Amino acid sequence: MVAQNTEKMPWVEKYRPRFTKDMAFPTAKVGRQKVDLIEDLKKFVISFFKEKEKLNEVNRQIRAHNRTHEEKEYQEEKKLPLDKAAVLLEGPPGIGKTTIAYALANDLNMEVIETNASDTRTKGALESKLRETTKSRGIMDFIVQSKKKLILVDEIDGLYGVTDRGAVPTILSLIENTQFPIIMCSNDYKQNLQSLYNKIKRYEVNSLPDEEVLKITRKIIVKENISGISEKELNLIIEKNEGDLRGVINDLQGVSQGSLNKNTKELILNLNRDSTKEIFSLIKYLFQNVNTLKEARNVTNKSDVDYNFLYKWINENLTSYIRLNSEIANAYDNLSLADEIFGRIRKNQYWSLLPYFYDLFAGGVVLSRKHRTPDESFHRIMFPRFTSTGFFSLSANERLVVEKIQKKYKVSDIEAVQDFIPFLKLLSGTSRKQLQELSDWFEFDVNEKKLLK
Amino acid sequence: MLSESPVWRIKYLPITLNEICGRKDIKERLKGLINDRNFPHLLFVGSKSIGKTTIADLFSKAFLGRFYDANSKIVYANVPLTNEETKQARLESYISTNKIGSLAGKKITTPAFIRVKIKPFVQLKVLGDVPFKILIVKDFDSLGSNQQAFRRLMEIYGTNCRMILITTKVSKIIDPIMSRCQVFLISQVNYHSFEELISTIAEKEALKIDKDTIRTLYEITAGTLSNAIDLLQICSISGNNIDVDKLYENFSNSKNDMIKSLLIMCFKGDFRKARELSRKIQSSYKFTSQEMFQIMLNELAKLPFSTYSRMKLINLLAEADFRAIDGRDTDIQISNLLAKICQFSEVL
């Protein structure tokens, strides 16, 4: 590594551990059992090559057998069981999943072939990139003993096609034919990858404990000679990143590099990566601390929460802070006007109306309250539970019920929902027998029966 | 199969044109059309749920005979397209530049509804030994300006497919459509046939019901058969004797009742509970805010108020409804009205 390069590198890359011994050890579990992740992975890689060697020997004999025999006496070539060929690491971002793979490869003197969602997004690209390495060994390998390889399929949940199941067969066939061990990384549990989860070992990597993060951060602070950062600020950064070491290092670099004025520094410190949490604190702040229109404007201007959501959150939480009917009416007068204005903006592109929208839904609502209840700080902020689109749409379960009804009785969707299903509810409410008869005749299953109750 | 249904309104659904309750003149006219083996486009007009669709369906069944399944279709005009259908419409809206013809590379501007639901059916050739196909379009008025697209469709594909358009609001049908159709006014069932039908049902289900009760049933359900039969079934659960008291006891128009109780909750000044209830109504009945305000207006007329407060309430309602036209969030708009009524209730 050239010295002048390190100056410009992001610290995350600069301080990425090269060997497993330098790492902050993340804990992991398989199913419910805690495991030593690094030891396990090492074992996995080493045993893969052992098994593969044995298997290659067997396959060579099979091929020799096939060459000398008739077609019907051919024997299938044996394949490695899937769970011996690949593992999946799953965990929140920034805790070192990718780093483990690289460090492991360095430990064992291997080469990493990496694919990630940013450069290989499609099935085809993934196949073409990995085909040579997975299916056969390069021609040079017979002449020169090259480095062994480790395949890292990063960000598997961001791979295009995961959402519609198209990618799973590709990944599976990749694992089946591989010549090298595969480590896959993913952020969340994905329903569509279920069939993959069943076949390979899945490590749930936990986020790093704060002390561990603090230790590493202090090391960097010493190395980079950072002064102007107080203990409190450091704690704030670590706390808000929730074990995301990469986030901490990035924030650290952001705060300490260059000449920042106080405001920007504050901004970086307060900028929360988790938007739901931000809305929570924002709503709380809005209702508890804001007393003037100027303050309300300040809040809405500073936040980067999507205003599309924000006013729905206000709608949901308004009643827990505003109690008097006259004040509620006032608040709703402003909120509904804001909603109307927003509708017109979206419909006719009257973006010049946007300032009114902001003032009405934030200041207009909060300031319509004259009396405050003393127990304000105890209110729970609620998630918008009810979202209405204004268009007629059925939930999946309702759609099933309506379709089953339409098989037997010709009604439109709207008639069924507004007229026929209420009657069925009434009828089935009278006795169990009725309910049973009805659901037998319409062939409702258990879930659909619930809708009639 | 229908006759085994536990729901009486399905069990006693007419199966042939002859079984339709009352309305002899219409049946005669329709039978005439069947004998001629030809008819123009039809427009069925009549009030809500009196059997327009059933008549149209049975008529096309009688007309098409055993080719009914392949050659007829019912389209509900007021049901919006599902996501897949809109996707399909969008896919088909461009004609590829690879194709030969004057339309190549152009965008089709036909409304998605017509393209997805109507055109594929009317363009297909007749199957079997019948003169043409029959397309039934229900709630035709809710198509609004898309009605215009039907004008040419009815002419171009008229020989291949005849349409039966069904509507409750004849004033909303545009003139060009009216002039292309023969109008059928579907009347309500008269009392005589109503009594006959109810008596037969009562006989089959072993119910005891006298003439006065049938008269009351006719009055409270305003002659709509499906509601009357529903009510009869609900009453029959608690015993085979049916009298007037029982009818009134069980008669409820559940959606209107719920909205009524919503209003009353508001007059008591409990905004939070009212909002919970309004959300419940919205999610179970899928009302748009407009429909909800409409029912509120009707219910408001039934509640006892002084002229001043009634006018004031209507004023609030109108204001809220007006705002909701451009509003994006139904819940906020309805909550707005509820909050205003709650506030007003303190003055009362």
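1. So, the overall build of chain B
Turning to step 1, where the next piece is worked out: Helix and strand counts for chain B stand at 17 helices and seven strands.
Turning to step 2, where the next piece is worked out: Put simply, chain B has 348 residues, and 49% of those count as buried.
Turning to step 3, where the next piece is worked out: A total accessible area of about 17100 Å² is found for chain B, and carbon and sulfur atoms account for 53% of it.

2. Here's the deal with the sheet that holds strand β3 (residues 86–90) of chain A
Residue and element names in this part refer to chain A.
Turning to step 1, where the next piece is worked out: Strand order in this open sheet of seven strands is β2-β1-β7-β3-β6-β5-β4, and the pairing throughout is mixed. The sheet is open, and its two edges are formed by β2 (33–35) and β4 (110–115), each paired on a single side. Averaged over all adjacent pairs, the angle separating strand axes in this sheet is 30 degrees, with direction ignored.
Turning to step 2, where the next piece is worked out: Both strand β1 (residues 28–30) and strand β7 (residues 201–205) contribute to a ladder of two bridges, which runs antiparallel. Among the inter-strand pairings, Lys 29 is bridged to a residue of β7, identified as Glu 204.

3. Topic: helix α9 (residues 191–204) of chain B
All names here are of chain B.
Turning to step 1, where the next piece is worked out: Taking 1.5 Å per residue, 14 residues should reach 20 Å; α9 reaches 20 Å between its end C-alpha atoms and fits that length.
Turning to step 2, where the next piece is worked out: Along α9, the residues classified as buried are Tyr 191, Ser 193, Phe 194, Glu 195, Ile 198, Ile 201 and Ala 202.
Turning to step 3, where the next piece is worked out: Those residues of α9 hidden inside the fold are in contact with α1 (8–11), β6 (208–209), α10 (211–220) and α11 (225–237).
Turning to step 4, where the next piece is worked out: At the C-terminal side of α9, Ala 206 shows a positive phi close to 55 degrees.

4. Topic: the packing of aromatic side chains
Turning to step 1, where the next piece is worked out: Counted by the stated rule, this structure contains 25 aromatic pairs over all chains.
Turning to step 2, where the next piece is worked out: Residues Phe 44 of chain B and Phe 184 of chain B carry aromatic rings whose centres are separated by 5.4 Å and whose planes lie at 45 degrees to one another, so their mutual orientation is tilted. Here the residue Phe 44 of chain B occupies a position in strand β1 (residues 41–45), and Phe 184 of chain B occupies one in strand β5 (residues 181–185), the gap between them amounting to 140 residues. Residue Phe 44 of chain B shares its accessibility class with Phe 184 of chain B, and that shared class is buried.
Turning to step 3, where the next piece is worked out: Among the aromatic residues, those joined into a ring-pair cluster are Tyr 311, Phe 342, Phe 357, Tyr 358 and Phe 361 of chain A.
Turning to step 4, where the next piece is worked out: Stacked on the ring of Phe 63 of chain B, the Lys or Arg Arg 37 of chain B has its end atom at 4.5 Å from the ring centre.
Turning to step 5, where the next piece is worked out: The ring of Tyr 191 of chain B has Arg 215 of chain B lying over it, and the distance from NZ or CZ to the ring centre is 3.9 Å.

5. Remarks on the interface of chain B and chain A
Turning to step 1, where the next piece is worked out: Each partner contributes to the interface: chain B provides 55 residues, whereas chain A provides 58 residues.
Turning to step 2, where the next piece is worked out: Summed over both partners, the interface of chain B with chain A buries about 5100 Å², with 55% contributed by carbon and sulfur atoms.
Turning to step 3, where the next piece is worked out: Counting the surface chain B buries against chain A, the share from its top three residues, Lys 286, Asp 326 and Arg 328 of chain B, is 14%.
Turning to step 4, where the next piece is worked out: Our count for the contact surface shared by chain B and chain A stands at 11 salt bridges.
Turning to step 5, where the next piece is worked out: Run the count over chain B and chain A and you get 26 residue pairs in polar contact (both at pLDDT 80 or more).
Turning to step 6, where the next piece is worked out: Taken together, the elements giving at least two residues each to the side of chain B that touches chain A come down to α1, β2 (72–76), α11, α13 (254–267), α14 (271–285), α16 (307–326) and α17 (330–347) of chain B.
Turning to step 7, where the next piece is worked out: No other element matches α17 of chain B, which puts 11 residues into the side of chain B that touches chain A.

6. Here's the deal with the nonpolar core
Turning to step 1, where the next piece is worked out: Core analysis: the biggest nonpolar cluster contains 63 residues, and Phe 361 of chain A together with Met 296 of chain B have the highest contact counts within it.
Turning to step 2, where the next piece is worked out: No other element matches the nine residues that helix α16 (residues 325–348) of chain A contributes to this core.
Turning to step 3, where the next piece is worked out: The contacts of Phe 361 of chain A, once residues within four sequence positions are left out, are Thr 300, Tyr 307, Leu 310, Tyr 311, Ile 314, Leu 335 and Ala 338 of chain A.

7. Here's the deal with the state of the cysteines
Turning to step 1, where the next piece is worked out: Tallied over the entire structure, the rule returns zero disulfides over all chains.
Turning to step 2, where the next piece is worked out: With no disulfide partner, Cys 266 of chain B has as its closest neighbouring cysteine sulfur the one in Cys 342 of chain B, 4.4 Å distant.

8. A few points about the pairing of strand β3 (residues 133–138) of chain B
All names here are of chain B.
Turning to step 1, where the next piece is worked out: In terms of residue burial, β3 counts as a mostly covered element, since six of its six residues are buried.
Turning to step 2, where the next piece is worked out: Burial along β3 is two-sided: Lys 133, Leu 135 and Val 137 and Ile 134, Ile 136 and Lys 138, pointing in opposite directions, are all buried.
Turning to step 3, where the next piece is worked out: The pairing of β2 with β3 spans five bridges and is parallel. Pairing of Ser 72 across the sheet is with Ile 134, part of β3.
Turning to step 4, where the next piece is worked out: Sheet topology note: the β3/strand β4 (residues 161–167) ladder contains five bridges and is parallel. Each bridged residue has a counterpart across the sheet, and for Val 137 the counterpart in β4 is Leu 165.

9. Considering the sheet that holds β5 of chain B
Residue and element names in this part refer to chain B.
Turning to step 1, where the next piece is worked out: Strand order in the open sheet formed by five strands is β2-β3-β4-β1-β5, with parallel pairing between adjacent strands. Looking at the sheet topology across the chains shown, the edges are occupied by β2 and β5. Strand-to-strand twist of the sheet, defined as the mean angle between neighbouring strand axes without regard to direction, takes the value 20 degrees.
Turning to step 2, where the next piece is worked out: Here helix α6 (residues 112–123) sits on the sheet and contacts β2, β3 and β4; the angle it forms with β2, its principal contact strand, is near 170 degrees.

10. A look at the pattern of salt bridges
Think of it this way: side chains of opposite charge can pair up when their charged atoms draw near.
Turning to step 1, where the next piece is worked out: All chains considered together, the criterion is met by 27 salt bridges over all chains.
Turning to step 2, where the next piece is worked out: Close ionic contact of Arg 60 of chain A with Glu 57 of chain A constitutes a salt bridge, the shortest N to O distance being 3.2 Å. Of this pair, Arg 60 of chain A and Glu 57 of chain A both sit in helix α3 (residues 37–68), separated by three residues, roughly a single helical turn.
Turning to step 3, where the next piece is worked out: With a closest N to O distance of 2.8 Å, Lys 138 of chain B and Glu 415 of chain A form a salt bridge. Here Lys 138 of chain B, found in strand β3, pairs with Glu 415 of chain A, found in helix α19 (residues 413–428), and the two come from separate chains.
Turning to step 4, where the next piece is worked out: Exposure remark for Lys 138 of chain B: the relative accessible area of 7% places this residue in the buried category.
Turning to step 5, where the next piece is worked out: A relative accessible area of 29% places Glu 415 of chain A in the partly exposed class.
Turning to step 6, where the next piece is worked out: The structure contains a network of salt bridges with shared partners spanning Asp 333, Glu 340, Arg 344 and Lys 347 of chain A together with Arg 323, Asp 326 and Lys 340 of chain B.

What counts, and where the lines are drawn
Residues numbered from 1 in each chain as written. Chains lettered and ligands numbered in written order. Predicted model: local features only at pLDDT ≥ 70, side-chain atom pairs only at ≥ 80, totals over all residues. Heavy atoms only, no water. Helix = DSSP H or I, 4+ residues; strand = E, 2+ residues; numbered from the N terminus. Buried < 20%, exposed > 50% of the residue type's maximum accessible area, 1.4 Å probe, protein only. Areas by Shrake-Rupley, 256 points an atom, 1.4 Å probe, with all protein chains shown as cover. Pairing = 2+ DSSP bridges. Axes fitted to C-alpha atoms, helices over the stretch in contact; angles between N-to-C directions. Expected span 1.5 Å × (residues − 1). Contact = heavy atoms within 4.5 Å. Phe/Tyr/Trp six-rings, centres within 6.5 Å; stacked < 30°, edge-to-face > 60°. Lys NZ or Arg CZ within 6 Å of the ring centre and 35° of its normal. Buried area = accessible area lost by both parts, 1.4 Å probe. Salt bridge = Lys/Arg side-chain N within 4 Å of Asp/Glu carboxyl O. Polar contact = N/O pair within 3.5 Å; in protein donor to acceptor, adjacent residues only side chain to side chain. Core = buried A, V, L, I, M, F, W, Y, C linked by side-chain atoms within 4.5 Å. Disulfide = S-S within 2.5 Å.

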